[in-house]
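Summary of structural features
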2 protein chains.
Amino acid sequence: MNRFVLSLLISFFAIANFGASASEQKPDITEYTLENGLRLIVIPDRRAPVVTHMAWYKVGSADDPQGRSGLAHFFEHLMFKGTSNYKNNEFSTAVSAIGGQENAFTSWDYTAYYQKVSPSALAKMMKFEADRMRNLVLTEEVFLPERDVILEERSGRVDRSPSAILGEFSRAALHVNHPYSIPIIGWEHEIAKLEIEDALEFYERWYQPWNVIVVVAGDVDPQETLKLARETYGKVVATQEPQERKWTKSPRPVVSQTLQYKDERVTRPTWQRSFKAPSYMIAEEGEAEALDLLSTILGGSATSRFQKEIVLEQELATAAGAFYQGSSRDMSSIGFYGVPRGDTPIEYVAKAIEEQVDLLLKEGVTQEELDRARQAYLKTIIYSQDSQVTLARIFGSVLTIGGSVEDFTSWPERLSKVTVEDVNKVARKYLDRNRSITSRLLPKEG
Amino acid sequence: MNRFVLSLLISFFAIANFGASASEQKPDITEYTLENGLRLIVIPDRRAPVVTHMAWYKVGSADDPQGRSGLAHFFEHLMFKGTSNYKNNEFSTAVSAIGGQENAFTSWDYTAYYQKVSPSALAKMMKFEADRMRNLVLTEEVFLPERDVILEERSGRVDRSPSAILGEFSRAALHVNHPYSIPIIGWEHEIAKLEIEDALEFYERWYQPWNVIVVVAGDVDPQETLKLARETYGKVVATQEPQERKWTKSPRPVVSQTLQYKDERVTRPTWQRSFKAPSYMIAEEGEAEALDLLSTILGGSATSRFQKEIVLEQELATAAGAFYQGSSRDMSSIGFYGVPRGDTPIEYVAKAIEEQVDLLLKEGVTQEELDRARQAYLKTIIYSQDSQVTLARIFGSVLTIGGSVEDFTSWPERLSKVTVEDVNKVARKYLDRNRSITSRLLPKEG
């Protein structure tokens, strides 16, 4: 999820800043806060007569109560059920009747719901969305069959995917004692025991106007949008005081861990190594930006060290890359992965990646490759696809994890200030093999 | 803690059963339950004019609230502070004034307090112990300085011990998503944030008569002891209904993990591998007994496979053994360890242990070695030291984790029924390397 958001962040700047020279257009974002605490963000986008309307809840899997993993994600299902005003699925039917699109998604940090419709339907969307914020009819008749649906969903997404199975345990190892250790969809044995009371309590605690950021992007007028929001969301009465999100913290990492999973279904053995690293939200000044560029230099572009050396030159891997998941509310990670070419043993790829990393740690990066990586990053941005949903999603996610519009619009400028020294410093600070989590996904021997 | 209890269990039978042929003495244990729910166990032991008095609370580190690890253990300190009737330390002073001994201990499953005194002082001990069950004066003045004491204790026990540092993370890996994953003393950053309110809530929730098992072992009369208990413990009024102990469960283990910790202070590199295995409390019939004998055959006696092959024959290790921690309330573990001799690489010891285990899994154990292991187990029992504190501790721990006196006295008989097939079956069921947790403790390279 976070990696997706990061790529969304990147795409935004294609529109907002780097595209500016062509279109002379900068986003003129308006922010409002209603009396009940709900925040409204309006992003004008008049390229087409369409509007994207999103409701972001500042609650995600990391807020699942202890032993009740999967509860936040469960609402991705429950929110499409009936309310005291509308029948089961009536909202979805209304969206498709007017040719609109809708969806929902959950991360550790947030849960969001959206529709893409024609601007004339915005009032209706807001009415429906405001309604289900407080008026869901949660009964066992609704809840229990959906629990089976979710267990089936988990079975399809995780149990049938060896990499997902390993990923759950790698994540648990990286985030010991932190709620990022649980799967978004929940542990199977905990989903199976979720009860209607859990859902009622969670809904009452978190589905409140003060916990929502509504993002509207499209061919709309901010003042008119505010008026519509007041008439719909503005009428939602909070039934709880704002709640603090209380997350446990991980102990300081001091050991290295290697996880190995063998499964006869594995067709692409994969090696991956992760290190804890701060997200943009909690990093010291400039560190997150340097981590982004470090990741690009190592394995985030067509001219990255991994790509040139391991994929093209040594021909050991069909893929070798790096990632930094900067967009989360709490401690995140940086890491690398490699997929061996043909019958190349996974150890060869691991060793080649380690050599590249050791070399970087020893000799540092050069000004030239930093500049090239930064340009690559910006090029990715410039050539990245544009979409209104993406635009809305960027703002929703950044604001929901605690960022501001300003934090966000100043990002490219901050990236431009990153020096060779900054990159070398974060590399040496965070890429400590003695505190890493390594995952090995292998086919089961016959 | 659990391994200690197991060795205690063993010593008990030296007295209770196997010693019987010599002394014709069997423990004539009496059990009572007071009206407020407190249970009293009286174990006559008239060998000396001394009595051991223990109060066992069915609450331990596994009951620490989320993010508040260390709270159960914190009470091991707080319970020696002042009450509304006695000054700080007055109980301890009274115990030493009469030449008595006292102590306290915490495990994941329980917390216990005890005194060893002359029988004439039993009434006084009960009075003090009953008093501190509900009358502790918990203020910030008492609480905050003790928090610093505990942080210092943690620093001494964990931070100064490389094996303890690694052990905490190995445990977390073995018990993902289960409260056995937390250290008894607590994670440092969570101890540091414990507050007086946490202690007050915990005390109110768990320090109640219905949550206590009082064990009295010694030169006492059961009826007279019951009378004393009624006059002291019987007057404690519960201020809460009995609470259920709600523990989260681990997902089914499917990956193998290797943890490595390097520290310049390491003088004895150590290799260890653990597998999840059910405790006596949750095992299928006969499995725990078979696991006990499997562990003895592999590495639990002077004639074990590891001892003969790896320590004596191949001379690879100064120590190589096996353990099974049968005495816990929930899922436990079986495993092996080895300490290389001289400069022998740790991998050699690991490989030698793996070979022995693979051989056992392939060919099974023999009737002869099972009989020999059983005899060794019984011999350990017979020659084990006897002590009244041990005797009381055995019963306290077994009853506190949910066992009964009968479960317990029938143990040797159940051990005698274990067959070769039973041992081979549990070996193949639980010693699955693809689901194991391996720990490597190594000196830091220069």
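For clarity, every value in this text was computed on a predicted model and none was experimentally measured.

With that settled, the discussion passes to the interface of chain B and chain A. In many reports, interface size means the accessible area that the parts give up when they come together. Facing the 26 residues of chain B at the interface are 25 residues of chain A. Only α7 (162-174), α8 (188-191) and β7 (256-263) of chain B provide two or more residues apiece to the side of chain B that touches chain A. With 7 residues, β7 of chain B is the largest single contributor of residues to the side of chain B that touches chain A. A class-by-class count of the residues in the side of chain B that touches chain A yields 12 nonpolar, 10 polar and 4 charged. In the sheet, strand β7 (residues 256-263) of chain A pairs with β7 of chain B via 5 bridges, with the strands oriented antiparallel. Its bridge partner lying in β7 of chain B, S256 of chain A is registered against Q260 of chain B.

The subject of this paragraph is the sheet that holds strand β4 (residues 101-106) of chain A. Residue and element names in this part refer to chain A. Here we have 6 strands laid out as an open sheet, ordered β1-β2-β6-β3-β5-β4, and mixed in their pairing. Either end of the sheet is taken by a strand with one partner, and the two such strands are β1 (30-33) and β4. Going across the sheet, the axis of each strand differs from the next one's by a mean of 15°, ignoring polarity. Relative to strand β5 (residues 111-117), β4 runs antiparallel, the two being bridged by 6 bridges. Each residue of the ladder has a partner; that of N103, found in β5, is Y114. Packing against the sheet, helix α5 (residues 122-134) makes contact with β3 (51-57), β5 and β6 (212-218), and its axis sits at approximately 15° to β3.

Turning next to the sheet that holds strand β9 (residues 317-324) of chain A. On the basis of which strands lie adjacent, the open sheet formed by 10 strands has the order β9(A)-β10(A)-β8(A)-β11(A)-β7(A)-β7(B)-β11(B)-β8(B)-β10(B)-β9(B) and mixed pairing. Each end of this open sheet is capped by a strand with a single partner; those strands are β9 of chain A together with β9 (317-324) of chain B. Strand-to-strand, the axes of this sheet are offset by a mean angle of 10°, without reference to chain direction. Relative to strand β10 (residues 332-340) of chain A, strand β8 (residues 270-277) of chain A runs antiparallel, the two being bridged by 7 bridges. Paired with R273 of chain A across the strands is F336 of chain A, a residue of β10 of chain A. Against the sheet, α7 of chain B touches β7 of chain A together with β7, β8 (270-277), β10 (332-340) and β11 (437-443) of chain B, its axis set at about 165° to β7 of chain B.

Now for the domain arrangement of chain A. Residues and elements named next belong to chain A. Parsing chain A into structural domains produces domain 1 (37-235) and domain 2 (257-443). Domain 1 and domain 2 are separated by 29 Å when their C-alpha centres are compared. Facing 28 residues of domain 1, the contacting portion of domain 2 comprises 27 residues. Contributions of two or more residues to the side of domain 1 that touches domain 2 are made by β2 (39-44), β3, β5, α7 (162-174) and β6. In terms of residue count, α7 provides more of the side of domain 1 that touches domain 2 than any other element does, 8 residues in total. Across the side of domain 1 that touches domain 2, the residue classes tally to 19 nonpolar, 5 polar and 4 charged.

What follows is about the relation of the copies chain B and chain A. Rotating chain B by 180° about the axis while translating it 0.0 Å along that axis superimposes it on chain A, leaving an RMSD of 0.0 Å. Expressed as an axis order, the relation between the two copies is that of a two-fold axis. Proximity to the rotation axis, assessed at the C-alpha, singles out T258 of chain B in chain B; its C-alpha lies 2.5 Å from the axis. A shared binding surface is used by both copies, with 96% of the interface residues of chain B retained as interface residues in chain A.

Our next topic: the packing of helix α3 (residues 71-78) of chain B against helix α6 (residues 140-159) of chain B. Residue and element names in this part refer to chain B. The N-to-C vectors of α3 and α6 enclose an angle of 110°; their axes lie 10 Å apart at closest approach. Judged by the angle between their axes, α3 and α6 are roughly perpendicular. Remark: the crossing between α3 and α6 carries right-handed chirality. Along the contact surface, α3 presents F74, H77 and L78, while α6 presents E146, V149 and I150. Along the lines of polarity and charge, the residues of the contact of α3 with α6 split into 4 nonpolar, 1 polar and 1 charged.

Looking at soluble globular proteins, one finds that nonpolar side chains tend to be buried together. Core analysis: the biggest nonpolar cluster contains 59 residues, and M54, W56, Y57, L122, V214 and V215 of chain A have the highest contact counts within it. Shared between two domains, this core takes at least three residues from each, and those domains are domain 1 (37-235) and domain 2 (257-443) of chain A. Once residues lying within four places of it in the same chain are set aside, the contact partners of Y57 of chain A are Y110, T111, A112, W206, Y207, N211 and V212 of chain A. The next biggest cluster of nonpolar side chains, apart from the first, holds 57 residues, and it includes Y57, L71, F74 and V236 of chain B.

Residues and elements named next belong to chain B. For α6, spanning 20 residues, the distance from its first C-alpha to its last is 27 Å, which sits close to the expected 28 Å at 1.5 Å a residue. Taken together, the buried positions of α6 are F143, R147, I150 and R154. Down the axis of α6, the smallest arc covering the buried residues is 70°, so these residues share one side. Counted as exposed and oriented over 90 degrees from the buried face of α6: E141, P145, D148, V149, E152, S155 and G156. Buried residues along α6 sit against α3, α8 and α9 (196-206).

How each quantity is defined
- Residues numbered from 1 in each chain as written.
- Chains lettered and ligands numbered in written order.
- Predicted model: local features only at pLDDT ≥ 70, side-chain atom pairs only at ≥ 80, totals over all residues.
- Contact = placed C-beta atoms within 7 Å.
- Helix = DSSP H or I, 4+ residues; strand = E, 2+ residues; numbered from the N terminus.
- Nonpolar A, V, L, I, M, F, W, Y, C, P; charged D, E, K, R; others polar.
- Pairing = 2+ DSSP bridges.
- Axes fitted to C-alpha atoms, helices over the stretch in contact; angles between N-to-C directions.
- Domains from an automatic or database assignment.
- Least-squares fit on C-alpha atoms with pLDDT ≥ 70 in both.
- Parallel < 35°, antiparallel > 145°, perpendicular 65-115°, else oblique.
- Left-handed = near helix turned anticlockwise from the far one by under 90°.
- Core = buried A, V, L, I, M, F, W, Y, C linked by C-beta atoms within 7 Å.
- Buried ≥ 20, exposed ≤ 12 C-beta atoms within 10 Å, placed from the backbone.
- Expected span 1.5 Å × (residues − 1).
- Arc of directions from axis to C-beta.

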